[in-house]
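Listed here are the chains, written in short residue letters.
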Amino acid sequence: MLIRKYPSVLIFLAVLAIFTLVVTIMSQAYGTGAIPTSTVKLFGKTLCLALAALAMDLVWGYAGILSLGHMAFFALGGYMIGMWLMYARTEEIVTATLANAPIPATPDEVQQGIAGQIFGVVGSTDLPLTWTFAGDLKIQLLLVLLVPGLFAFLFGWLAFRSRVNGVYLSILTQAMTLALALWLFQNDSGFRGNNGLSGLQNIPGLTDVPQSTISIWFLWASALALGLAYILASWLVSGKFGSVIRAIRDDEARVRFLGYSVEGYKLFIFTLTAMICAIAGALYYPQAGIINPAELAPIASIYLAVWVAIGGRGRLYGAVIGAIFVSLLSSWFTGGKAPDGNLGFYTINWVDWWQVLLGVAFVLVTLFAPRGLSSIIDAVAGLRHPMRRGKDLGPDLGALREKEAEA
Amino acid sequence: MRRLLFCLLLLIAAPAWAQDLQSVLDANRDQIEKPSRQTIGPVIAEIAASGEGAVAFLEAWGDRRVGVTDDGRFAIIDGDAAADAVTGAAVAGDVKALKPNSGVRGLIAAALVPAQLADPDTARRRAALDALGRDATAEHLPALRASLDDPDPGLAARKTRLERLLTVRFDPDPAARVAAIESFAGDTGADVQAALNPLLSTTRIAATELPADANIARNLGVGSDLTREEAYRLLVDAELARPRLSDAEQKSALSANISDGQVGNIPVANLDSPDARDRAYRALAAAGTVRPAASADDVDAALESHVFADIYDEPSAEVTDAARGTLNGLVFRERAQQSVDITLDALSLASIYFLAAIGLAITFGVMGVINMAHGEFIMMGAYTGYVVQGFIANKTVSLIVALPAAFIVTALAGIVLYRLVIRHLAKRPLETLLATFGVSIALQQLAKNIFGTQARPLTAPDWLGGSVGFGEIISISTIRVAIFVLALLFLCLFLYITKRTRMGLNMRAVTQNPGMAASMGINPDRVAMLTFGLGSGIAGIAGVAIGLFAKVTSELGSDYIVQSFMTVVVGGVGNIWGTLAGAAMIGGLQKGIEVLNPANTLAAQTWMILFIIIFIQFRPRGIFPTRGRFVEG
């Protein structure tokens with residue numbers, strides 16, 4: 001049923017599987033070693049970003065809520081898993097150190113040792129209340145979903161209830177992200193201030209497994225998460241639910257007058273996508289190795305919107321393509337690998353000019369190709385959209401336009 | 001007059017056995033040549049009392065200008081020449097300079113104060129008063145009292161004040177001290193507080209019972225005023241109880257006494273709980289290997305049988321009461337002044353937000369066009385100011401040129417942005433947001449490429465550099481006053497343009513109903529473009545103003561953009577009074593929260609944003625919502 005309605009799902013999964021397999025075969029751990037571990041990690045991270053972009057596409061491309069705060073949920077997920085990684089890893093080290101003492105350590109001493117190790121940099125020796133469950137992987141994994149989920153639920157409930165929408169909602173989500181980032185920047189908030197959490201690439205209990213192997217495991221995990229999320233998203237948007245959220249995007253008031261609980265639908269999609277973003281973050285940061293409050297800066301969430309816009313919103317594969325294309329291109333340009341452009345009178349160093357290029361490209365895409373990169377796929381598949389340019393024919397925004405009526 | 005005063009001083013300071021300088025110097029030759037801080041005091045006093053030449057000798061000695069000649073006479077060295085300390089006759093031959101250490105020089109300086117206080121030279125009297133204000137002892141009080149009658153009225157007032165301050169500190173008669181303390185009621189001077197605060201210093205004591213004559217500040221209850229740990233530590237420090245064993249000490253004692261893998265008959269492997277460790281330690285103590293530690297019962301008993309109190313170091317209760325009364329009065333006045341200070345601070349922050357947001361109030365508020373590159377226009381204005389300063393050295397002229405230049409540059413940029421991007425995205429606010437965001441990314445990076453990442457200075461002219469003071473404590477920097485004035489000016493300008501000009505009329509017509517406006521012969525597109533240019537231009541001027549007190553970086557604008565949008569949204573879109581109210585609210589709130597937790601401005605911002613999010617729940621359309629048929633949604 002789903003496949004018949006969305007043939008792209010099969011193609012997408014096939015491409016994803018082939019990509020993962022090829023990378024595995026060429027990796028250092030399980031194959032020829034043609035792809036260095038750092039590149040495998042880059043691919044894994046990119047898949048996580050694609051997952052976040054998928055969530056962004058659901059909430060923005062389909063439901064029309066331009067959230068500028070989804071990267072905050074992404075980072076929150078990272079923080080939740082990072083807490084366990086850091087705690088458990090430090091616990092291993094502290095236990096090993098204390099084992100050399102003539103007298104075995106009490107649990108209190110172990111905890112104090114861990115707290116001193118982790119929070120020494122911010123001048124504290126006590127474990128904050130927020131780290132109560134940091135030693136327990138199961139609870140912390142649950143918190144990866146629960147904390148951003150609850151956060152998104154509360155925020156969304158407050159915002160949608162008072163009918164904050166459109167650009168107001170965007171600005172409000174941006175403010176929320178900024179507030180969260182500022183809060184995390186404080187040393188006494190219990191998340192190590194601007195030091196953030198580090199050493200996350202060392203997985204506790206897997207000290208003997210080389211990073212090359214771990215990177216492949218994370219690549220597979222990221223690919224699996226992306227595949228599953230893609231199926232879930234396609235299933236969601238293909239059914240009645242999908243029709244309702246698209247209708248909300250196009251004209252919220254009409255959907256409300258038809259008797260649908262607009263707030264409920266929006267709240268559901270907002271919270272769900274926040275949780276998907278959190279999962280993406282929880283997979284991303286162990287590969288990145290470090291997380292700090294700068295990751296929550298409002299600009300990060302806007303980049304998420306940029307990826308989706310460039311890839312093509314309202315198309316699930318568009319978001320994925322956009323995220324992969326832009327973030328790989330971005331790391332190529334900013335990594336200094338791109339050749340300098342020689343204009344004769346001025347040499348363009350792409351490390352400096354990439355942002356300008358991205359900004360301009362973004363403006364151009366918004367102006368001339370609202371469907372982004374996926375319009376190429378549309379053109380290949382022979383899909384055409386009605387031309388919604390021209391003067392209004394009817395009394396308001398939803399009415400047919402001149403060109404549309406001619407077509 | 002001077003002679004008279006000096007004689008008077010001598011009468012006070014000089015003992016009956018006063019001798020002339022020569023005999024004093026001769027009698028204390030060894031001491032003077034190798035002075036020690038402990039024993040030189042009486043000698044200095046004797047020299048000071050010895051009359052003619054003593055002051056000159058002491059001053060020279062304090063400046064390390066006294067030497068000993070070959071034949072053993074003291075001489076005062078002046079550059080290359082030297083003169084006999086007593087007779088003043090020139091001295092030939094080698095003079096070995098004496099090097100009194102800083103402690104001794106301090107004593108000499110103190111001994112000179114009475115003489116200097118009565119010196120005919122006003123500058124020296126002032127210097128002596130300054131020295132006395134910094135560091136005075138009980139001996140100076142009579143000297144100061146003797147010299148109260150100063151010909152210079154300013155110095156006389158200072159002497160009177162200092163006399164009262166020294167009375168507070170050194171007078172032996174409590175009644176005189178109380179009178180002096182009470183005379184300072186309502187005086188907020190820092191010197192008064194410095195004199196009064198030490199009177200209220202306390203020492204925390206623990207004793208079986210409080211001494212009868214103690215001047216008790218307050219009795220302390222264990223558990224309420226101080227924790228059990230603190231109380232017990234006091235007892236231990238006073239050697240009234242045995243110290244408890246810290247965990248680390250216990251651990252090291254245990255590990256020092258491991259035998260056969262056991263400590264006190266408990267296997268080492270089992271010592272991983274505090275309970276087991278206590279048992280092992282008790283077993284060791286019972287065997288006599290370690291000293292017994294105070295048990296929990298001992299602690300209880302010790303805390304029960306002792307009292308704890310804060311005791312004033314000052315023995316006289318009347319004095320401490322008077323000092324506390326006067327200080328409390330001061331604290332109240334200070335609070336009042338501080339709150340005025342905070343209000344001014346909040347006002348200046350609010351005017352900054354207002355300035356940053358007023359351009360936005362036009363583009364976003366009136367036209368409904370969301371421009372995320374607004375912050376970059378602010379930055380562009382600041383950089384324009386910086387560039388203009390590079391061409392024009394005179395700061396005042398460059399500022400006068402920079403303001404219209406910034407307006408023109410950013411207004412043009414705004415018009416270009418409108419023509420190229422925003423016009424094509426009419427009625428698609430989310431797309432406008434994104435496209436202008438792309439512009440913002442590009443502009444920011446462009447600024448980085450052109451001006452570099454380091455902050456560029458935008459120097460204010462000197463007349464903006466100082467501060468305007470009201471009273472002693474409140475002072476506000478001139479630049480903030482200028483920004484406040486600028487904000488007011490822009491408010492008036494905005495009101496004038498919208499309410500009194502043709503352009504404003506067109507603007508209002510187009511924003512209310514573009515179709516109807518067009519049929520009245522107004523070109524909506526042109527009006528919208530000019531309006532956008534106006535809003536952007538004002539952002540540029542705000543940029544110059546902000547750049548004057550903040551460093552100009554490419555991130556200057558993005559630091560203000562969220563707050564600016566908040567200001568407009570909180571105030572109510574489409575209403576300049578709303579923007580004003582929003583700026584006042586956000587500025588006031590941020591400063592208000594900062595007062596509660598002054599060390600943490602980050603927390604203040606966090607809470608402020610949270611408050612705004614909640615505020616929007618209750619007034620989704622802002623403080624002054626726009627009403628009418630043309631309101632969307």
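Residues numbered from 1 in each chain as written. Chains lettered and ligands numbered in written order. Predicted model: local features only at pLDDT ≥ 70, side-chain atom pairs only at ≥ 80, totals over all residues.

> Describe in detail the overall build of chain B, supporting the description with residues and values.
When helices and strands are tallied, chain B shows 26 helices and 11 strands. Its C-alpha atoms give chain B a radius of gyration of 38 Å, more than 25% over the compact-globule value 26 Å for 633 residues. Counting every position in chain B, which comprises 633 residues, the buried fraction comes to 39%. Nonlocal contacts in chain B, meaning residues at least 24 apart in sequence, comprise 70% of its contacts between residues at least 6 apart. (Helix = DSSP H or I, 4+ residues; strand = E, 2+ residues; numbered from the N terminus. Rg over C-alpha atoms; globule rule 2.2 N^0.38 Å. Buried ≥ 20, exposed ≤ 12 C-beta atoms within 10 Å, placed from the backbone. Contact = placed C-beta atoms within 7 Å.)

> Can you explain the overall build of chain A? Please cite residues and give values.
Along chain A, the regular secondary structure elements total 16 helices and 4 strands. Its C-alpha atoms give chain A a radius of gyration of 23 Å, near enough to 22 Å, the size a compact globule of 407 residues would have. Over its C-alpha atoms, taken along the principal directions, chain A stretches across nearly 90 × 55 × 50 Å. Counting the 407 residues in chain A, one finds 44% classified as buried. When contacts within chain A are restricted to residue pairs at least 6 apart in sequence, long-range pairs at least 24 apart make up 73% of them.

> Quick one: what's the story with the interface of chain A and chain B, residue by residue and with numbers?
Between chain A and chain B, the residue contacts involve 41 residues of the former and 44 residues of the latter. Looking at the side of chain A that touches chain B, the elements with two or more residues in it are helix H7 (167-185), helix H12 (298-311) and helix H14 (350-368) of chain A. Examining the composition of the side of chain A that touches chain B, we find that 13 residues originate from one element, H7 of chain A, more than from any other. Residues belonging to the side of chain A that touches chain B are distributed by class as follows: 30 nonpolar, 9 polar and 2 charged. (Nonpolar A, V, L, I, M, F, W, Y, C, P; charged D, E, K, R; others polar.)

> Any details on unusual backbone geometry? Residues and values, ideally.
Positive phi, close to 55 degrees, is recorded for arginine 163 of chain A, a residue that is not glycine. Residue placement: arginine 163 of chain A occurs in the loop between helix H6 (137-161) and H7.

> Which residues make up the sheet that holds strand E4 (residues 95-97) of chain B, and what values do they have?
Residues and elements named next belong to chain B. Read across the open sheet, the 4 strands follow the order E3-E2-E1-E4; overall the sheet is antiparallel. For this open sheet the edge positions go to strand E3 (81-84) and E4, each flanked by a neighbour on one side alone. Across the sheet, the mean angle separating the axes of adjacent strands is 40 degrees when strand polarity is ignored. In this structure, strand E2 (residues 74-78) lies alongside E3, joined through 4 bridges in antiparallel fashion. What sits directly across from isoleucine 77, in E3, is alanine 82. (Pairing = 2+ DSSP bridges. Axes fitted to C-alpha atoms, helices over the stretch in contact; angles between N-to-C directions.)

> Give a detailed account of the domain arrangement of chain B, specifying residues and quantitative values.
It is common to give the size of an interface as the accessible area lost on bringing the parts into contact. One can read the domain layout of chain B as domain 1 (2-193), domain 2 (203-312) and domain 3 (336-559). Distance between the C-alpha centres of domain 1 of chain B and domain 3 of chain B: 63 Å. (Domains from an automatic or database assignment.)

> An account of the nonpolar core is requested, with residue identities and associated values reported.
Counting residues in hydrophobic clusters, the biggest one holds 221 residues, and the most contacted among them are Leu51, Ala52, Ala53, Leu54 and Ala305 of chain A. It is helix H3 (residues 37-62) of chain A that provides the largest number of residues to this core, a total of 17 residues. Contact partners of alanine 52 of chain A, with chain neighbours within four places excluded, come to His70, Phe74, Cys277, Ala280 and Leu304 of chain A. Listed in part, the 54 residues of the second largest apolar core include Ala85, Ala118, Leu129 and Ala143 of chain B. (Core = buried A, V, L, I, M, F, W, Y, C linked by C-beta atoms within 7 Å.)

> Quick rundown of the packing of helix H6 (residues 102-117) of chain B against helix H7 (residues 122-134) of chain B? Include the residues and the values.
How two helices pack is summed up by the angle between their axes together with the distance between the axes. Residues and elements named next belong to chain B. Remark: H6 packs on H7, axes separated minimally by 9 Å, with the N-to-C direction vectors making an angle of 135 degrees. Judged on the interaxial angle alone, H7 and H6 are oblique. As H6 packs across H7, the resulting crossing turns out to be left-handed. For the pair formed by H6 and H7, the contact residues are Ala109, Val113, Gln116 and Leu117 on the first element and Arg124, Arg125, Ala128, Ala131 and Leu132 on the second. Here the residues of the contact of H6 with H7 are counted per class, giving 6 nonpolar, 1 polar and 2 charged. (Parallel < 35°, antiparallel > 145°, perpendicular 65-115°, else oblique. Left-handed = near helix turned anticlockwise from the far one by under 90°.)

> So, the sheet that holds strand E9 (residues 307-312) of chain B: which residues are in play, and what are the values?
Residues and elements named next belong to chain B. The strand order across the open sheet built from 3 strands is E5-E9-E6, with neighbouring strands paired in antiparallel fashion. Edge positions in the open sheet fall to strand E5 (202-207) and strand E6 (216-220), since each of these has one partner strand only. Neighbouring strand axes in the sheet, compared pairwise and without regard to direction, differ in orientation by 25 degrees on average. Here E6 pairs with E9 via 4 bridges, running antiparallel. Following the sheet pairing, asparagine 219 is matched in E9 by alanine 309.

> So, the UniProt feature "transmembrane region" (unreviewed entry) in chain B: which residues are in play, and what are the values?
Residue and element names in this part refer to chain B. Taking the numbering used here, the UniProt-annotated feature "transmembrane region" (unreviewed entry) corresponds to residues 346-370, 399-421, 473-498, 527-549, 561-587 and 599-618. Taken end to end, residues 346-370 comprises 84% helix and 0% strand; its first and last C-alpha atoms sit 27 Å apart. Secondary structure across residues 399-421 divides into 96% helix and 0% strand, with the first and last C-alpha atoms of the span separated by 32 Å. (UniProt positions renumbered as here; feature names shortened; annotations may be inferred.)

> With reference to specific residues and values, describe H7 of chain A.
Taking 1.5 Å as the rise per residue, H7 of chain A with 19 residues should run 27 Å; its terminal C-alpha atoms sit 27 Å apart, in good agreement. By the criterion of burial, H7 of chain A is predominantly enclosed, with 18 of the 19 residues buried. (Expected span 1.5 Å × (residues − 1).)

> Please set out the pairing of E9 of chain B residue by residue, giving values where relevant.
Every other side chain in a regular strand lies on the same face of the sheet, so the side chains alternate between the two faces. Sheet topology note: the E5 of chain B/E9 of chain B ladder contains 6 bridges and is antiparallel. Within E9 of chain B, the position partnered with alanine 207 of chain B by the bridge is valine 307 of chain B.

> Help me get a handle on helix H26 (residues 601-618) of chain B, residues and values and all.
The end-to-end C-alpha distance of H26 of chain B is 26 Å, a good match for the 26 Å that 18 residues give at a rise of 1.5 Å each. All of the buried residues along H26 of chain B are Ala604, Gln605, Thr606, Trp607, Met608, Ile609, Ile612 and Ile616 of chain B. In this structure, the buried residues of H26 of chain B make contact with H7 of chain A together with helix H24 (558-571) and helix H25 (576-596) of chain B.

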